[in-house]
Amino acid sequence: MNERQQKAVDANGLVIVRASAGTGKTHTLIQRCLRLIREGASLDRMLLVTFTEAAAGELRNRIRIALDEGFRQSGETRFREQQALVDYASIGTIHALCREMLRDHFDSLGLDPNIQILEASLTRQLQNESLKEAFNLALHKDHPKNTSVRDFIRTYCDGSLPTAQSWLLRLYNFVCAYPNPDDWINEQREAHSNYESSHWSSWFAVAVSQWHKNALLRIGSKELEHPTYRLIQSQLQAFSESDSASLKDLLHSVAGLRGKDYWPRGTAPERDRHRPIFTEAEFLASQLEEDEGSSRLKQTFKGVQPAILTLLDLLSLFRKSFIAKKKQAGGLDFNDLEHQTINLLFAPKGESSTEISELIRNRYDHVFVDEYQDVNRAQNAIIEAISSVSEGKTRFIVGDGKQSIYRFRQANPDIFNRCHESWKAPDTSIHVIALKQNYRSHPKLLGFANDLFETLEAAGASGLDYDHEAAFAIVSEGDDEGSESPCEIALHVLMPPEKGAAPDDEKALAVLTPEEREVTHIANQLRGLKT
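A quick note: this is a predicted structure, and the numbers were derived from the prediction, not measured.

Participant: Mind laying out the overall build of the protein chain, listing which residues take part and the relevant values?
Facilitator: Counting secondary structure elements, the protein chain contains 22 helices and ten strands. Here the protein chain holds 531 residues, and 43% of them are scored as buried. Considering only residue pairs separated by 6 or more positions, the protein chain has 74% of its internal contacts joining residues 24 or more positions apart. Surface summary for the protein chain: the accessible area is close to 28800 Å², and the carbon and sulfur share equals 50%.

Participant: For the nonpolar core, give the residues involved together with the corresponding values.
Facilitator: Inside soluble globular proteins, nonpolar side chains tend to come together where they are buried. By size, the foremost hydrophobic cluster in this structure holds 34 residues, and its most contacted members are Leu97, Met101, Tyr372 and Ile386. Where this core is concerned, the elements lending two or more residues are β1 (14-19), β2 (46-50), α5 (94-104), α17 (334-345), α18 (355-363), β6 (366-369), α19 (377-386) and α20 (413-422). Counting residues in hydrophobic clusters, the runner-up holds 29 residues, among them Ala8, Val15, Ala66 and Val398.

Participant: Can you lay out the packing of α17 against α19 for me, pointing to particular residues and giving the numbers?
Facilitator: As a packed pair, α17 and α19 sit with axes 10 Å apart at the nearest point and diverge in direction by 35°. Note on packing geometry: the crossing formed by α17 with α19 is left-handed. Facing α17, whose interface residues are Glu338, Thr341, Ile342 and Leu345, α19 presents Ala378, Gln379, Ile382, Ala385 and Ile386. Here the residues of the contact of α17 with α19 sort into six nonpolar, two polar and one charged.

Participant: Give a detailed account of helix α1 (residues 3-10), specifying residues and quantitative values.
Facilitator: The set of residues buried in α1 consists of Gln5, Ala8 and Val9. The buried residues of α1 occupy an angular sector of 100° when the element is viewed end-on, so they sit on one face. Where α1 begins, the side chain of asparagine 2 points an oxygen toward the backbone nitrogen of arginine 4, at a separation of 3.1 Å.

Participant: I'd love a proper account of the sheet that holds β6, names of residues and values included.
Facilitator: Read from one edge to the other, the open sheet built from six strands follows the order β3-β2-β6-β7-β1-β8, with strand pairing classed as parallel. What marks the edges here is a single partner per strand, and that holds for β3 (90-93) and β8 (430-435). Averaged over neighbouring strand pairs, the angle between their axes works out to 15° when direction is ignored. Here β1 pairs with β8 via six bridges, running parallel. Bridging from a neighbouring strand, isoleucine 16 pairs with valine 432 of β8. Along the sheet, α20 contacts β1, β7 (394-399) and β8; its crossing angle with β1, the most-contacted strand, is approximately 150°.

Participant: Please provide a residue-by-residue account of helix α16 (residues 296-329), values included.
Facilitator: Between its first and last C-alpha, α16 extends 49 Å over 34 residues, near the 50 Å set by a 1.5 Å rise per residue. When the local axis directions of α16 are compared, the greatest deviation, roughly 40°, occurs at valine 304, which is followed within four positions by the proline proline 306. Positive phi shows up at glycine 330, right after α16, with a value of about 80°.

Participant: If you had to explain a nonpolar patch on the surface to someone new, which residues and values would you point to?
Facilitator: The grouping of Leu445, Phe448, Leu452, Ile489, Leu491, Val493 and Met495 at the surface amounts to a nonpolar patch, some 660 Å² of accessible area in total. Mapped onto the secondary structure, methionine 495 falls in the loop between β10 (473-474) and α22 (514-530). Look at methionine 495 and you get exposed, because its relative accessible area is 59%.

Participant: Help me get a handle on the side chain of serine 388, residues and values and all.
Facilitator: Mapped onto the secondary structure, serine 388 falls in the loop between α19 and β7. Among the polar contacts listed, one links the side chain of serine 388 to the side chain of serine 390, at a separation of 2.9 Å. If sequence neighbours within four positions are ignored, serine 388 has contacts with Arg361, Lys393, Thr394 and Arg395.

Participant: Could you give me a rundown of the packing of aromatic side chains, with the residues and numbers involved?
Facilitator: Using the criterion set out here, one finds nine aromatic pairs in the structure. With 5.8 Å between their ring centres and 80° between their planes, phenylalanine 152 and tryptophan 167 make a pair best called edge-to-face. A residue pair is termed long-range when its members are at least 10 positions apart, and phenylalanine 152 in helix α8 (residues 146-156) and tryptophan 167 in helix α9 (residues 161-175) qualify at 15 residues. Both rings, one in phenylalanine 174 and one in tryptophan 184, keep their centres 5.7 Å apart while their planes meet at 70°; by these two values the pair is edge-to-face. Placement of the pair is phenylalanine 174 in helix α9 and tryptophan 184 in helix α10 (residues 181-193), with a sequence separation of ten residues. Residue phenylalanine 174 is classed as partly exposed on the basis of its relative accessible area, which comes to 31%. Taking relative accessible area as the criterion, tryptophan 184 reaches 10% and is therefore assigned buried. By the ring-pair criterion, three or more aromatic residues cluster together here, those being Phe152, Tyr156 and Trp167. Above the plane of the ring of phenylalanine 322 lies lysine 326, whose end atom (NZ or CZ) is 4.1 Å from the centre.

Rules of the game
Residues numbered from 1 in each chain as written. Predicted model: local features only at pLDDT ≥ 70, side-chain atom pairs only at ≥ 80, totals over all residues. Heavy atoms only, no water. Helix = DSSP H or I, 4+ residues; strand = E, 2+ residues; numbered from the N terminus. Buried < 20%, exposed > 50% of the residue type's maximum accessible area, 1.4 Å probe, protein only. Contact = heavy atoms within 4.5 Å. Areas by Shrake-Rupley, 256 points an atom, 1.4 Å probe, with all protein chains shown as cover. Core = buried A, V, L, I, M, F, W, Y, C linked by side-chain atoms within 4.5 Å. Axes fitted to C-alpha atoms, helices over the stretch in contact; angles between N-to-C directions. Left-handed = near helix turned anticlockwise from the far one by under 90°. Nonpolar A, V, L, I, M, F, W, Y, C, P; charged D, E, K, R; others polar. Arc of directions from axis to C-beta. Polar contact = N/O pair within 3.5 Å; in protein donor to acceptor, adjacent residues only side chain to side chain. Pairing = 2+ DSSP bridges. Expected span 1.5 Å × (residues − 1). Bend = angle between axes of the 7 residues up to and from the residue. Patch = residues over 30% accessible without salt bridge, like charges linked within 9 Å, V, L, I, M, F, W, Y side chains within 5 Å. Salt bridge = Lys/Arg side-chain N within 4 Å of Asp/Glu carboxyl O. Phe/Tyr/Trp six-rings, centres within 6.5 Å; stacked < 30°, edge-to-face > 60°. Lys NZ or Arg CZ within 6 Å of the ring centre and 35° of its normal.

See below:
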């Protein structure tokens, strides 16, 4: 084992491991289990959470092999005793864990002890029925929101009911990632009912910040030989979110740089390629203007407010119908597993943990969670509720923001990136360890990955803290970056589909999201490698 791996094996308390691909994270996790067992820990007091059932099965098998090898090398009977516990150890996915907790405590929530998980096909069928039911109810002539719903469909969905259903379904999938969807809906309804709340202004600041990051990414990749590029970059470097007056001047200045005087003959294609920088700056600046004693931002808010509130009302109707249909079918979907588990572990409103939460927390001395970059808010709340770092207990979290591929399922890599701050507590030992030596990939591929992520991070567009600790350390037997061994690196740029184009696959309600299109493209590329 290398020095960093050994440090992760030996650390106690809260251990956060940033493990890049090919750095031996599973080997490190298993060696940590063995170390704890040597010191008196037992597998039946450990919880190991993986992302897939296949990964859980592989981990269980590798632990069994490691225990057998430990017995053969040392002759310690403790390794034999632990081997007998492997098949019964708590090693599985977050949903398997939720299902187990609900079955053990079904009476606390009034659930059927033989709780069933609905088939995906049935879940989709019930989901589609609930969508139709929600819109039919809202569009009925006697419904109080009838006019608002029709205006929403006409104004924002080009009069298309399937498009409106798609919007609603995507919002539903988003809100399901929260520990309590009803609380989120109520908070949003309150925030959008009153312009004077701080939410709208803060959201505008986020929009400006995102524009700034995207603009830096576009310009930062240029050689800056063109004087206009240098001028744009200097304006962006003077960016300040805190001073609204200077912000408005800056946005106007950047928007004005699209004028022909700044672009010599022959450079019009360059200017057109960066048109979003200028048009977005112009729009954002317009929102800071005063019009008849009222800011345009406030007028914009009032303009979209009815549509937002209508969408929230539709979401409530849809959820009520969908929950009822699943209950009638006698089962739960995966979102229900998470939310029912949260109901089990937390008191109403999530203000404090329950006695059951304390009972489960006392069951485990050591908790391991892999692929933490792909958890959502609800799953994170569950892990926090059932693990502890007090009185000799440990929490071992492994993740890598570069490998977060499930954002289309509402995975939130920021949870992993910030857990060393959000879990900070008095008398808690926190260790953040980066495994960076890659033993698997071609050195040229690793060099490309480092260059790519460093460029994105420099522009503030990656969502990662890609510092020296996060970069790959290139290790390869008999090879180095100067090697002439063949290595093909392909960069695929997926452009958004043209308006009116057919969806990428046959979906009942909507074209694929950008994230889903990426996953589909990657799957097709992998399929092509097999042919």
